[in-house]
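The primary structure of each chain is shown beneath.
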Amino acid sequence: MTSTRTRGSRSPLASVGLHATLVVASVIAVFPVLWILLTSLKPAQHAITTDFVKEPTLSNYTYLLESSHFLDWFLNSVLVAGVTTVLGVFIAATTGYAVSRFKFPGMKPLMWTLLITQMFPMAILIVPLYNLMGQLGLLNQPVGLIITYLTIAVPFCAWMMKGFFDTIPVEIDESGRVDGLNPFGTFWRLILPLAKPGLAVTGFYAFITAWGEVAYASAFMVGDENLTLAGGLQTFVTQYTSNWGAMSAASVLIAIPAAIFFVFAQRHLVAGMTAGATKG
Amino acid sequence: MAADTSQSVVKAADDGVGNDSAVRGRSRWTDSGNTGNTRNTRNAGGLRRALATHWYAWAMVAPVVLVLGVIIGWPLVRGVYLSLTDANERNVARDIGARHIDATYEFIGLDNYTAVLGDPVFLQRLVWTVVWTVACVSITFVLGLTLANMLNRQFRGRAAYRMALILPWAVPGFVSVFAWRFLFNRDNGILNKVLDGGGIAAVPWLDDPTWAKFSVIAVNVWLGIPFMMVALLGGLQSIPGELYEAAEMDGASAWQRFRHITMPGLRTVSMTVILLSTIWTFNMFPVIFLLTRGGPGDSTEILVTQAFREAFITSPRDFAVSATWGVLILLLLMIFALVYRRSLRKQGEVW
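Reading the values: rules and limits
Residues numbered from 1 in each chain as written. Chains lettered and ligands numbered in written order. Predicted model: local features only at pLDDT ≥ 70, side-chain atom pairs only at ≥ 80, totals over all residues. Heavy atoms only, no water. Helix = DSSP H or I, 4+ residues; strand = E, 2+ residues; numbered from the N terminus. Buried < 20%, exposed > 50% of the residue type's maximum accessible area, 1.4 Å probe, protein only. Contact = heavy atoms within 4.5 Å. Areas by Shrake-Rupley, 256 points an atom, 1.4 Å probe, with all protein chains shown as cover. Salt bridge = Lys/Arg side-chain N within 4 Å of Asp/Glu carboxyl O. Nonpolar A, V, L, I, M, F, W, Y, C, P; charged D, E, K, R; others polar. Arc of directions from axis to C-beta. Phe/Tyr/Trp six-rings, centres within 6.5 Å; stacked < 30°, edge-to-face > 60°. Lys NZ or Arg CZ within 6 Å of the ring centre and 35° of its normal.

Student: I'm lost on the overall build of chain A in this one. Help?
Tutor: The helix and strand inventory of chain A stands at 12 helices and 0 strands. When the 280 residues of chain A are sorted by exposure, 55% land in the buried category. Within chain A, contacts between residues separated by at least 24 positions form 72% of all contacts whose residues are at least 6 apart in sequence. On chain A, roughly 11600 Å² of surface is accessible, and the fraction owed to carbon and sulfur atoms is 68%.

Student: So what exactly am I meant to see when it comes to the interface of chain B and chain A here?
Tutor: Interface size is often expressed as the accessible area that is lost when the parts come together. Chain B puts 112 residues into the contact, and the matching count from chain A is 111 residues. Across the contact surface, chain B and chain A share 0 salt bridges. Here the residues of the side of chain B that touches chain A sort into 77 nonpolar, 19 polar and 16 charged.

Student: Please clarify how helix α2 (residues 59–67) of chain A should be interpreted in this entry.
Tutor: Three- or four-residue spacings in an α-helix give side chains the same orientation, since the helix completes a turn every 3.6 residues. All names here are of chain A. Every buried residue of α2 is accounted for by N60, Y61 and L64. Each buried residue of α2 lies within a common arc of 100 degrees when the element is viewed along its axis, so the set occupies one face. Turned more than 90 degrees off the buried face of α2, the exposed positions are E66 and S67.

Student: How should the packing of aromatic side chains be read in this particular structure?
Tutor: Within a pair of aromatic rings, the relevant descriptors are the distance that separates the centres and the angle that separates the planes. Evaluation of the coordinates by the stated rule reveals 38 aromatic pairs over all chains. Ring centres 5.2 Å apart and planes at 80 degrees place the aromatic pair B:W205 and B:W211 in the edge-to-face group. For the ring pair B:F308 and B:F312, a centre distance of 5.0 Å and an interplane angle of 35 degrees mean the geometry is tilted. A residue pair is termed a helical-turn pair when its members lie 3 or 4 positions apart in one helix, as B:F308 and B:F312 do in helix α14 (residues 303–312) at 4 residues. For the pair shown, B:F308 and B:F312 are each scored as buried. An aromatic cluster is defined as three or more aromatic residues linked by ring pairs; in this entry it consists of A:Y130, A:Y216, A:F220, B:F285, B:F289, B:F308, B:F312 and B:F319. We note B:K213 situated over the ring of B:W128; from NZ or CZ to the ring centre the distance is 5.0 Å. For B:R293, the ring lying beneath its charged end belongs to B:F289, and the centroid distance is 4.1 Å.

In structure tokens:
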């Protein structure tokens, strides 16, 4: 990439302006997150004060783990998001490969379907899916939510996987064919191992999407121990009571794993996404 | 090995963001156009031959086609059907204890549509949804572009700023929204405490219709900037530096360089992120639902939260009307996508 770009050197005034703007923007970006972190370390009864932490305490965290259903919610979320990710990526990978490599009748409509379903508002599917899950007895069950989340994950994973397969040279497939592998063999033995970073990123994205989903989770899961994190967090801050201490501690525990993964994956996330979107 | 491939993925993807994707897109289109033609010319016996040549591909896409058909296609058809009935909580099939009650709702044609479209509420929601989408996307784009341009320069501390600015993206959306609710708290939130310190009266961030609208937009912009900024930064980095050098030699001002090199260079990536974020914002459920619940009153309710409210919050739950709102939202989005694509085509951009 372009490392040395010589431009007219900045005047000191422009330099100050640049740094001032970026400092202000960074503070706005970081402050809410930092504030929640600080709040989570204050005693619950002081949560809403504007003092900085005077007597740091982990009491909010112990309350959360011992006296609330936080662990249930956390495990529900891990289960739902994890299974969704594995199933979604698994089903979508072959499709991504097929639309990347072959020209076949029905390909164009399929690509369009994948693209259009990505802009489906949940509003159109939520009622039929709710009724369907009700009839199958899957409301309040992780399985129901997993099936529902596949509607979000599959089109999106297939689209992103296509973008990644497009970046793997076709010569590799050809050499596989020359060696006598059929298309499935080529895909399984040669291309899939090369696409591991792509699989990881797609999987991460599917995981985060399911981890942060609110609408289906709010509608389908009721009862304190069946909730996922998105629903559980809502119970701390209702219209009438607000347990801001517990809320802030829960926020920190939910955000940390996501943030750690994110730091590793963020470069590839944008690349994969915009590649998938622009190469249609 | 893994590192190598990931590198190449990024590089190729970065290229894709830049100029070559338009070319790629075009060649793909003509390719598939050709297959369409050859398919038409060999009708007789073509099916068996097609099966022989394409069964690999078809077998590979079969799982997704199946899954999409069952869990998206069927509910979609069912949703459209429900919107033509009077289904609600009281007349759908349900089990009360061991007793099973069959559905008793009836087909009522387009009555739901005339009712929803005839209700001034629809126009209100639509206008606010459009205002919300346009405001969010344009503000996010302008701020994202500004920050991306700043970060694209050489200066000390660049990596640290970049890290700080993408932080909101690393936090799950619903967590951030709750954090903001905490900051916006009327009596004890830090924002009002700070204003109070400056001698300014407390602002009813979430309790006054106008301020609530301002607040939801502000939060959504805050959430959206990192993606916008990083995507545009990728686009900026794919513009060759020589172009800027040449322009500078010719005496082009900073504004001229931005206008004639940066903006055209960013075209493809801007088109994509604007389309994506428009669709996302139009359907942005969590920000509004978690921050204001559509309130105060119904002043921040957008189309999507309205559809959710009909089916899951009002009593009795009205499934048919909710489905009607859903179908209308989908139609609006599809019209938008078609118009958008057509306008790109007119400008010679095949997407």
